[in-house]
Amino acid sequence: MTVPMSKIRDLSFKTSIYGIEERIVLDIGSCYLKCGFSGEARPRHFLSMFLSEEALDDYLGLNPVHRQHLGHECGEICNERTTETCRGNNPLEYSELYELDMMRRNSRGQTEQERLQILEERLSEYLYEVYFKYLLTDPKQRKVIICESPLAPIALKQTIAKVLFDKLQVPSVSFTPSHLLALLTTGTATGLVIDCGHLETSVLPIYSSRPMTPFIRTTPRAGKFLSTHLKQLLRDKCPISLVDNPTDLRIIPEGMLTSAFLETIKTRLLFASPLIINARDNIGEEEMNNNYRDVSASTEVHVEVWLEEEGARGILAIPGWIRERASECLFNGDEDAESLTDVILESILKAPSDLRRPLISSMLLIGGTAQLPNLQNRLFQEIKRSLQTNPRWRQLSGLADSVRFLDDLTITDKSAAPSRSPSHQSVMDLDPAATSFVGSPALGGSSMSLDPSSAASREKDRRAKKSQAKKAYQSSGKVFMPNCRAWIGGSLVGSLKSSGPEILRENFNGTVPDWSTAGVTSTAPFSGSAGGNSQHQDPTAATALVASALAYSY
């Protein structure tokens, strides 16, 4: 009897609830929190942060205008924060959980201490929901693996550890680089990981499971930058017409362009254009938009919206060239914010010369913005074009033929890969016994060869074909979603009982290990633990352990 795959997944989920060996894997991003158990193939839940600044003030009881909520004072954190009534009539909007620069005052005039307090309260609420609403497990019995960005603020890491240890009483916490975890899901230990998230895009070379942090490069051209550019295009180029009066055109209201609305348009309608249009020097933005409009063949999309002031329905017309060319801001850089192509090639140029070819031939694109349709193919074209035409990258021009993404099946792979369909296979491939015969009666022959030399040559040919088939399938394609790669790597590492440097609850003093802090010496990229005691393994042994486990699983 054949068991459906859905039933197998359900069984694998149920077994991890009752044991305590599986670790909790958390990927805490600025916009989404992914959670689940180690050893599973995907996160169990995604938690999004949809709060406007006004609703956030009501959520935390910081808005002096709305002090009364359901008849009680909100001087402290409101216990009924999760109800729609407590949040007021303000529309829920997208608000980042944290920002990269937490030391300065933000646009609302909050100091670092005030922002950390808000972060701690919001993070406590989300993690309570993770443990007691979604995962239904006791936090005191399970270790935690945190997928962290190498450039995450130390104050953020300390706040996460403080909430987990002081409020949830977890036994231990391990911070592990998300770039390294994502690379482990491909079965390789060397590559160039490009994390295109919401706040920034970071490029980190990794060699033999060692993050080469001095060569990391970042740019603010990521999801938030794309949303800002899309907002400007919608405001200037997309009029709204009333359903009852199509000829009455008006500018889109500013209150409608919320972050949640922009996120919806971005994820459902935008894609990266496969065509590259070279921008001439001293060309204006308006002229460039006209060029985009002339060459675009994309369909215009009409979105039905509700106009609050008129109390009527309206139609927002989004031209096809905006859907196709809004993402051009990711590939057109300047001195303040370099393009994705420039930060990738700059990171490769900073690396040692003998590592450049292995890195550029093993690139991996991850992150939420990486899910933009056709982004990886367009980035592939941009990198090759820059290597061949841009004088800035003359030293890397010889690597143009080696550009490749790990999860991309190239034309060479597809043509070299043997067909899996029986109708396209020869009789020699289908019948193992036929490989012992030359001129077999089944093939219309009349004699059988017993010559040892011919048998040896056939064995050599068979091994060559097997090696060629294995080489053709060295890329398995897009098995995992880009936004889940880091979490899946944490799940893999947790199932191997390995992780980053562990922080035990009884040893936590408010500080966390970080590569940028002085006095922290972490000799191994992974450390195993047994019986609750943190033990640092030898670097070579740890890498060999992970590599052997990956080879076995693949």
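Rules used in this analysis
Residues numbered from 1 in each chain as written. Predicted model: local features only at pLDDT ≥ 70, side-chain atom pairs only at ≥ 80, totals over all residues. Heavy atoms only, no water. Pairing = 2+ DSSP bridges. Helix = DSSP H or I, 4+ residues; strand = E, 2+ residues; numbered from the N terminus. Contact = heavy atoms within 4.5 Å. Axes fitted to C-alpha atoms, helices over the stretch in contact; angles between N-to-C directions. Buried < 20%, exposed > 50% of the residue type's maximum accessible area, 1.4 Å probe, protein only. Expected span 1.5 Å × (residues − 1). pLDDT = per-residue confidence, 0-100. Salt bridge = Lys/Arg side-chain N within 4 Å of Asp/Glu carboxyl O. 1 Å grid on protein atoms, 1.4 Å probe; cavity = no way out; pocket = protein on both sides within 12 Å on 5 of 7 lines; lining within 4 Å. Points joined across faces, edges and corners; volume = space filled by probe spheres on them. Nonpolar A, V, L, I, M, F, W, Y, C, P; charged D, E, K, R; others polar. Parallel < 35°, antiparallel > 145°, perpendicular 65-115°, else oblique.

Examining the sheet that holds strand β13 (residues 249-250)
One open sheet holds the 4 strands; their spatial order is β13-β12-β15-β14, and the pairing between them is antiparallel. Of all the strands in the sheet, just β13 and β14 (301-307) have a single pairing partner and so form its edges. Both strand β12 (residues 240-242) and strand β15 (residues 312-318) contribute to a ladder of 3 bridges, which runs antiparallel. The residue bridging I240 from the neighbouring strand is L316, located in β15. On the sheet, helix α7 (residues 259-269) packs against β14 and β15 and is oriented at approximately 165 degrees with respect to β14.

Structural notes on unusual backbone geometry
The backbone of S209 shows a phi angle near 65 degrees, a positive value even though the residue is not glycine. Tracing the sequence through the fold places S209 in the loop between β9 (201-207) and β10 (210-211). One non-glycine residue with positive phi stands out, namely N374, at about 70 degrees. Mapped onto the elements, N374 comes out in the loop between β16 (363-366) and α12 (375-389). Residue classification places N374 among the partly exposed residues on the basis of a relative accessible area of 26%.

Here's the deal with helix α4 (residues 154-167)
Owing to its 3.6 residues per turn, the α-helix brings residues three or four apart onto one side. For α4, with 14 residues, the first-to-last C-alpha span of 19 Å sits near the 20 Å given by 1.5 Å per residue. Within the sequence span of α4, burial applies to A155, L156, K157, T159, I160, A161, V163, L164 and F165. Packed against the buried residues of α4 are β1 (24-28), α3 (112-134), β6 (144-148), β7 (172-177) and β18 (502-504).

Observations regarding the sheet that holds strand β3 (residues 45-48)
Hydrogen bonds between backbone groups are what pair the strands of a sheet, and the pairing can be parallel or antiparallel. Across the sheet, which stays open at both edges, the 6 strands sit in the order β3-β2-β1-β6-β7-β18 with mixed pairing between neighbours. If you trace the sheet from one side to the other, it starts and ends with β3 and β18, each paired once. If you compare each strand with its neighbour and ignore which way they point, the axes differ by 20 degrees on average. Looking at chain direction, β1 and strand β2 (residues 32-37) are connected through 5 bridges and run antiparallel. In the strand pairing of β2, L26 is matched with C35.

Concerning the confidence of the model for the chain
Taken over all residues, the pLDDT of the chain has a mean of 74, while the share at 70 or more is 66%. In this model residues 469-474 is a low-confidence stretch, pLDDT under 50, and it forms 9 contacts with partners more than four residues away in sequence or in other chains.

A word on the pattern of salt bridges
Applying the stated rule across the entire model yields 27 salt bridges. A salt bridge links E120 to K162; its shortest N-O distance comes to 3.6 Å. Of this pair, E120 sits in helix α3 while K162 sits in helix α4, and the two are 42 residues apart along the sequence. Between R325 and E328 there is a salt bridge, with its nearest N and O atoms 3.0 Å apart.

Notes on the layout of surface pockets
Volume-wise, the largest pocket comes out at about 990 Å³. Residue assignment for the lining of the largest pocket shows that the elements contributing at least two residues are β1, β2, β6, α4, α6 (223-237) and α7. Here the lining of the largest pocket is composed, by residue class, of 21 nonpolar, 14 polar and 8 charged.

A short note on the pairing of β15
Burial runs high along β15: 5 of the 7 residues are buried. Where β14 and β15 come together, 7 bridges link them in antiparallel fashion. Residue pairing for β15: L307 is matched across the bridge by A312. Taken together, β14 and the strand that follows it, β15, pair antiparallel across an intervening segment of 4 residues, in which G311 is found at a positive phi of about 65 degrees.

As for the packing of α6 against α7
Direction vectors running N to C along α6 and α7 enclose 95 degrees, while the axes themselves pass 10 Å from each other. Judged by the angle between their axes, α6 and α7 are roughly perpendicular. On α7, the residues that touch G223, L226, S227, L230, K231 and L234 of α6 are F261, L262, E263, I265 and K266. Residues of the contact of α6 with α7, tallied by class, amount to 6 nonpolar, 2 polar and 3 charged.

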